[in-house]
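# Observations on the model geometry
For reference, the chains in residue letters:
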Amino acid sequence: MPIYLDHAATTPLRREALDAMLPFLTEQFGNPSSVHGFGRSARDGLDEAHEKVARAIGAQPREIVFTSGGTESNNLALKGAAWAGKARGHRIITTAVEHHAVGHTVRYLGKFGFEIVELPVDRYGRVDPDAVEAAITPKTILVSVMLANNEVGTIQPIAEIAARVRRHRGILLHTDAVQAAPYLAIDVAELDVDLLTLAAHKFGGPKGVGALYVRGGTNILAQQQGGAQERYRRAGTENVAGAVGMAVALELAAGERDVTAARLTRQRDALARVLLALPDVQLSGHPTDRLPGLLSIVAPGLDGNALTMALDLAGVATSTGSACVSGSAEVSHVLTAMGYSEEEARGSQRFSLGRTTTDEEVAAAAAIATRVITAQRDAAARLEAVRQATLPRPMETAGA
Ligand SMILES: Cc1ncc(COP(=O)(O)O)c(C=O)c1O
């Protein structure tokens, strides 16, 4: 059985979530907007899902908008806040290490006259809260900083950033909590954010469903027009089964969070001890303020995509970083923003452990990864030796 160490890309659906979803895919198939019994039964399921998700993050049920996932939640938050705030200003502040669902969305807004500020990060991927405040002008309407990074796991100081943002009037604060939600306690009041993104498939829920927390009284412009669903913030017949599965998975993840996080930290550190002992392998991301199950390494001289493929053949599923850029020639914008050279960034590998990861799997993966990295290094060194040996000598070049 292959070892799955790519939980940051997606997680297996929890049995409890599937069981809770099944009735809404079979007998309770009604449309929650219908007034008859079938509809009311679906509406009850959806209402309960709002309540559960809200409870898990310290919000009110009406502050939860179900969407089709993290990407849509980020789009709704950013475009919704930008268009609603346009009369007041046009400046949007974000960071250079956001997921593309934020980074590409703000760049898209840039085409419509919004001024986008992408703040730099330090070597560990952290943004300085004072730099966020320094970037604020009277025209600023929105700040978006992720809670935890999907490639290197670095946790951003959101509460400190919120404290700075609150010194200025009329600025909305959004955080993408897609990667953080399974492993960090999330309380919207403590974080003091106005908008927060969640995606079900990162914590044992189904794919294609997510939520956006919208603080009561926050004005965002709906991005799809049609029905009155989700209190006019997201038109379209709701994915009832998806919302129900998401709510159950989040409730369970929240209940187990401390135990899971402690175990993952131990397992991640055990894997790190082995891999970081290999020559020239470095940790990327913050050494301590990092997601418990995430280990991202940089092995200069190696090709991350080739390494992922070799690991897969050897029975370990990992990724070069974001699932979105895996397999492409694109170099991680996160690592380059952190100051890594293109060559270093090309040699990156992300091991993301999760709820189902066992100690035996970690030990086996560490041994396999050691073997594969060493073999790839040897092959790269042999290739370089051949290249050097066949390089035209200066004399030969001159004579040619
Ligand atoms: C930080 C972050 N934001 C947003 C997303 C997009 O979520 P979804 O796949 O549900 O659209 C991801 C997915 O990897 C992510 O890691």
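Residues numbered from 1 in each chain as written. Predicted model: local features only at pLDDT ≥ 70, side-chain atom pairs only at ≥ 80, totals over all residues. Heavy atoms only, no water.

## With respect to the overall build of the chain
Along its length, the chain carries 14 helices and 12 strands. For 400 residues, the compact-globule formula gives about 21 Å, and the C-alpha radius of gyration of the chain, at 23 Å, lands near that figure. Dimensions along the principal axes, computed over C-alpha positions, put the chain at roughly 85 × 50 × 40 Å. Classification of the 400 residues of the chain by burial places 54% in the buried group. By sequence separation, contacts in the chain at least 24 residues apart represent 74% of the contacts at least 6 residues apart. By element, 56% of the accessible surface of the chain is carried by carbon and sulfur atoms, the whole surface being about 17200 Å². Distance between charge centres in the chain, computed from 40 positive and 44 negative side chains, equals 3 Å. (Helix = DSSP H or I, 4+ residues; strand = E, 2+ residues; numbered from the N terminus. Rg over C-alpha atoms; globule rule 2.2 N^0.38 Å. Buried < 20%, exposed > 50% of the residue type's maximum accessible area, 1.4 Å probe, protein only. Contact = heavy atoms within 4.5 Å. Areas by Shrake-Rupley, 256 points an atom, 1.4 Å probe, with all protein chains shown as cover. Lys, Arg positive; Asp, Glu negative; His and termini not counted. Charge placed at Lys NZ, Arg CZ, Asp CG, Glu CD.)

## So, the site of the ligand
In the vicinity of the ligand, 13 residues are found, and the nearest of them are G70, T71, D176, Q179 and K202. A distance of 2.8 Å is found between an oxygen atom of the ligand and a backbone nitrogen or oxygen belonging to G70. The side chain of T71 places a nitrogen or oxygen atom 2.6 Å from an oxygen atom of the ligand. Contact with the protein chains removes 86% of the 390 Å² of surface that the ligand exposes when unbound. (Near = heavy atom within 4 Å. Polar contact = N/O pair within 3.5 Å; in protein donor to acceptor, adjacent residues only side chain to side chain.)

## Quick notes on the layout of surface pockets
Any empty space left between the atoms is revealed when a probe the size of a water molecule rolls over them. Quantified by volume, the second largest pocket comes out at close to 200 Å³. Forming the walls of the second largest pocket are 14 residues, and the residues nearest its centre are R43, D47, H50, E230 and R231. Only α2 (37-57) and α8 (229-232) provide two or more residues apiece to the lining of the second largest pocket. Of the residues contributing to the lining of the second largest pocket, the split by class is 4 nonpolar, 3 polar and 7 charged. (1 Å grid on protein atoms, 1.4 Å probe; cavity = no way out; pocket = protein on both sides within 12 Å on 5 of 7 lines; lining within 4 Å. Points joined across faces, edges and corners; volume = space filled by probe spheres on them. Nonpolar A, V, L, I, M, F, W, Y, C, P; charged D, E, K, R; others polar.)

## Considering the pairing of strand β12 (residues 348-352)
Most of β12 sits inside the fold, with 5 of its 5 residues counted as buried. Taking every second residue as pointing to the same face, both faces of β12 are buried, with S348, R350 and S352 on one and Q349 and F351 on the other. Strand direction decides the pairing type here: strand β10 (residues 294-298) and β12, joined by 5 bridges, are antiparallel. When the bridges of β12 are listed, L294 appears paired with S352. (Pairing = 2+ DSSP bridges.)

## Considerations on the packing of helix α10 (residues 304-313) against helix α13 (residues 359-390)
Close contact between α10 and α13 brings their axes to 10 Å; oriented N to C, the two are set at 135°. Classified by the interaxial angle, the pair formed by α10 and α13 is oblique. By crossing handedness, the relation of α10 to α13 is classed as right-handed. In contact with A306, L307, A310 and L311 of α10, α13 contributes I368, A369, V372, I373 and Q376. Split by residue class, the contact of α10 with α13 holds 8 nonpolar, 1 polar and no charged. (Axes fitted to C-alpha atoms, helices over the stretch in contact; angles between N-to-C directions. Parallel < 35°, antiparallel > 145°, perpendicular 65-115°, else oblique. Left-handed = near helix turned anticlockwise from the far one by under 90°.)

## Points about the nonpolar core
I57, I64, F66, I186, L196 and L198 are the most contacted members of the largest nonpolar core, which totals 63 residues. Counting contributing residues, this core receives three or more from each of domain 1 (15-252) and domain 2 (257-380). When near neighbours in sequence (up to four residues on either side) are disregarded, F66 contacts L46, A49, H50, V53, G210, A211, E230, R234, A243 and M246. (Core = buried A, V, L, I, M, F, W, Y, C linked by side-chain atoms within 4.5 Å. Domains from an automatic or database assignment.)

## Examining the pattern of salt bridges
Throughout the structure, instances matching the rule amount to 23 salt bridges. R14 is the partner of E16 in a salt bridge, and the nearest nitrogen-oxygen pair spans 3.5 Å. Assessed through its relative accessible area of 3%, R14 is described here as buried. Where R234 meets E72, a salt bridge forms, and the shortest distance between an N and an O atom there is 2.8 Å. Taken as a pair, R234 in the loop between α8 and α9 (240-275) and E72 in helix α3 (residues 70-85) lie far apart in primary sequence, 162 residues in all. Overlapping salt bridges, with partners in common, bring together E48, K52, R55 and E251 in one network. (Salt bridge = Lys/Arg side-chain N within 4 Å of Asp/Glu carboxyl O.)

## Quick notes on the sheet that holds strand β9 (residues 282-284)
Each strand in a sheet pairs with its neighbour through backbone hydrogen bonds, running either in the same direction (parallel) or in the opposite one (antiparallel). Taken together, the 3 strands give an open sheet; going across it, the order is β9-β10-β12, and neighbouring strands pair in antiparallel fashion. Two strands close off the open sheet at either side, each with one partner strand: β9 and β12. Recorded for the sheet is a direction-independent mean angle of 35° between the axes of neighbouring strands. Sitting on the sheet, α9 touches β10 and β12, and the angle it makes with β10 is about 15°.

## Structural notes on the packing of aromatic side chains
This structure, assessed with the given rule, holds 4 aromatic pairs. Where F29 meets F38, the ring centres are 5.3 Å apart and the plane angle is 35°; that geometry is what we call tilted. By the ring-pair criterion, three or more aromatic residues cluster together here, those being W83, Y108, F112 and F114. The positively charged end of K86 is found above the aromatic ring belonging to F114, 5.5 Å away from the centroid. The ring of Y340 has R123 sitting right over it, with the charged end atom 3.9 Å from the ring centre. (Phe/Tyr/Trp six-rings, centres within 6.5 Å; stacked < 30°, edge-to-face > 60°. Lys NZ or Arg CZ within 6 Å of the ring centre and 35° of its normal.)

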